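Results of the structural survey
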Amino acid sequence: MPSQRRIKVFGLMVLLTVLITLYMTSSARSTQNSDFYTKTSDALVANDLAEKAAAEKIDADDVGARLKAAEDAAKKAADVKGQKLLTEEDEGKGEKSVAGRVLMKEQDEEKESDRVVDIPHAAEEKEEKVVKAKQEPETKEDHEVEVELNAILKKSPMIIFSKSFCPFSRKAKTILLQQYKIVPPPYVVELDKHPLGPALQAALAKSTRRHTVPNVLINGRSIGGGDDVEALHQKGKLESTIRSMGGKRVVEVTKIEVKSKEEVKR
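What you are looking at is a predicted structure, and each value in this text was computed from that prediction instead of being measured. (Residues numbered from 1 in each chain as written. Predicted model: local features only at pLDDT ≥ 70, side-chain atom pairs only at ≥ 80, totals over all residues. Heavy atoms only, no water.)

With that settled, the discussion passes to the side chain of Asn-219. Mapped onto the elements, Asn-219 comes out in the loop between β4 (215–218) and β5 (221–224). Within the structure, the side chain of Asn-219 is placed 3.0 Å from the backbone oxygen of Gly-246, a separation counted as a polar contact. (Helix = DSSP H or I, 4+ residues; strand = E, 2+ residues; numbered from the N terminus. Polar contact = N/O pair within 3.5 Å; in protein donor to acceptor, adjacent residues only side chain to side chain.)

Pasting the structure below:
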């Protein structure tokens, strides 16, 4: 059985514990209800809220910047692609031209062939003419020759520049006029009987690089002389050559079958 003294000590300890607990509880309540504690707590909460708002603003600004950068990149790519397409169309060969550019070009070329000499080395010839025009003024005879030459080229898609006494000219005329039906028929210019014959031959020598006769032109382009015409005839390529070079201006090219003497007698 515990002694009286131990019971008293135990009772004092319990009472002391109760008193300390009551004091701590009262002190905590008074501290929480004090102005300092309240202001401090409010300040901490406000600081947390401000930090969260700042973080959210930074994230929003970052997202906006990224969206704007992506939009600028897309616009730049679209501009580059559009410029590339325009460049390809401008540098194209005409096959992808827009709004009938090819057709207009063909029509212009067809009209050009009706009024000027369309010959090989045209670019070089044009450059030479420009240089000579700067160096030497055009004479009245040069102008007359140019006008006459253009007038001759309009008379038919095929022009035979010939001389009446030349055997090679006679050979070319025999093949083209007697052994083929060409519509419209070739137009013959006898240079030895033409008042501007020597000047015309000199002009043809400059433009076609051919100094002798005959000089057979189709749409202003020379196919050669008597031997050249005969070679095309013997190879069976004369009809196709006239059609391809004559284009729409040549209506018909047909080889005439020449009957032998025995067939004629029959």
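From this point, the narrative continues.
Now for the pairing of β4. Judged by which residues are buried, β4 turns out to be covered on both faces: Asn-215 and Leu-217 on one side and Val-216 and Ile-218 on the other are all buried. The pairing of strand β1 (residues 158–162) with β4 spans four bridges and is classified as antiparallel. Following the sheet pairing, Phe-161 is matched in β4 by Asn-215. Pairing between β4 and β5: three bridges, direction antiparallel. Considered in β5, the bridge of Leu-217 is made with Ser-222. (Buried < 20%, exposed > 50% of the residue type's maximum accessible area, 1.4 Å probe, protein only. Pairing = 2+ DSSP bridges.)

Here helix α6 (residues 167–178) contains twelve residues, and its C-alpha end-to-end distance of 16 Å stays within 8% of the 16 Å for a straight helix at 1.5 Å per residue. In this fold, the buried residues of α6 make contact with β1, β2 (180–183), β3 (187–190), β4, α8 (226–234) and α9 (238–246). (Expected span 1.5 Å × (residues − 1). Contact = heavy atoms within 4.5 Å.)

Right, let's talk about the pairing of β2 for a bit. Burial of the side chains of β2 is restricted to one face: Tyr-180 and Ile-182 are buried, whereas none of Lys-181 and Val-183 on the reverse face is. Sheet analysis places β2 next to strand β6 (residues 252–255), joined by four bridges and oriented antiparallel. Within β6, the position partnered with Lys-181 by the bridge is Thr-254.

It is worth spelling out the sheet that holds β4 at this point. Across the sheet, which stays open at both edges, the four strands sit in the order β3-β1-β4-β5 with mixed pairing between neighbours. Each edge of the sheet is formed by a strand with only one pairing partner; in this case those strands are β3 and β5. Here the strands of the sheet are splayed against their neighbours by 25° on average, with no regard to which way each runs. Summarising the sheet, β1 and β3 pair through four bridges and their orientation is parallel. If you follow Ser-162 over to β3, its bridge partner there is Glu-190. In the packing of helix α5 (residues 140–153) onto the sheet, the strands contacted are β1, β3 and β4, and the crossing angle to β1 comes to about 130°. (Axes fitted to C-alpha atoms, helices over the stretch in contact; angles between N-to-C directions.)

Attention shifts here to the nonpolar core. Ranked by size, the top nonpolar core spans 16 residues in total, and within it Met-158, Leu-176, Val-216, Val-229, Leu-238 and Ile-242 carry the most contacts. For this core, the elements supplying multiple residues, two or more each, are β1, α6, β2, β4, α8 and α9. In terms of residue count, the dominant contributor to this core is α9 (three residues). If we skip the residues at most four places from it in the chain, Met-158 touches Leu-176, Ile-182, Pro-186, Tyr-187, Val-216, Leu-217, Ile-218 and Ile-242. Within the second largest apolar cluster, 15 residues are counted, among which are Ile-159, Val-189, Leu-200 and Val-213. (Core = buried A, V, L, I, M, F, W, Y, C linked by side-chain atoms within 4.5 Å.)

Here the focus is the pattern of salt bridges. Enumeration according to the criterion identifies six salt bridges in this entry. With a shortest N-O distance of 2.7 Å, Asp-227 and Lys-171 are connected by a salt bridge. Taken as a pair, Asp-227 in helix α8 and Lys-171 in helix α6 lie far apart in primary sequence, 56 residues in all. In this structure Asp-227 comes out as partly exposed when scored by relative accessible area, which is 45%. Among the residues examined, Lys-171 registers a relative accessible area of 23% and is labelled partly exposed. The salt bridge partner of Lys-171 is Glu-230, with a shortest N-O separation of 3.2 Å. Here Glu-230 lies in helix α8 and Lys-171 lies in helix α6, a separation of 59 residues in the sequence. (Salt bridge = Lys/Arg side-chain N within 4 Å of Asp/Glu carboxyl O.)

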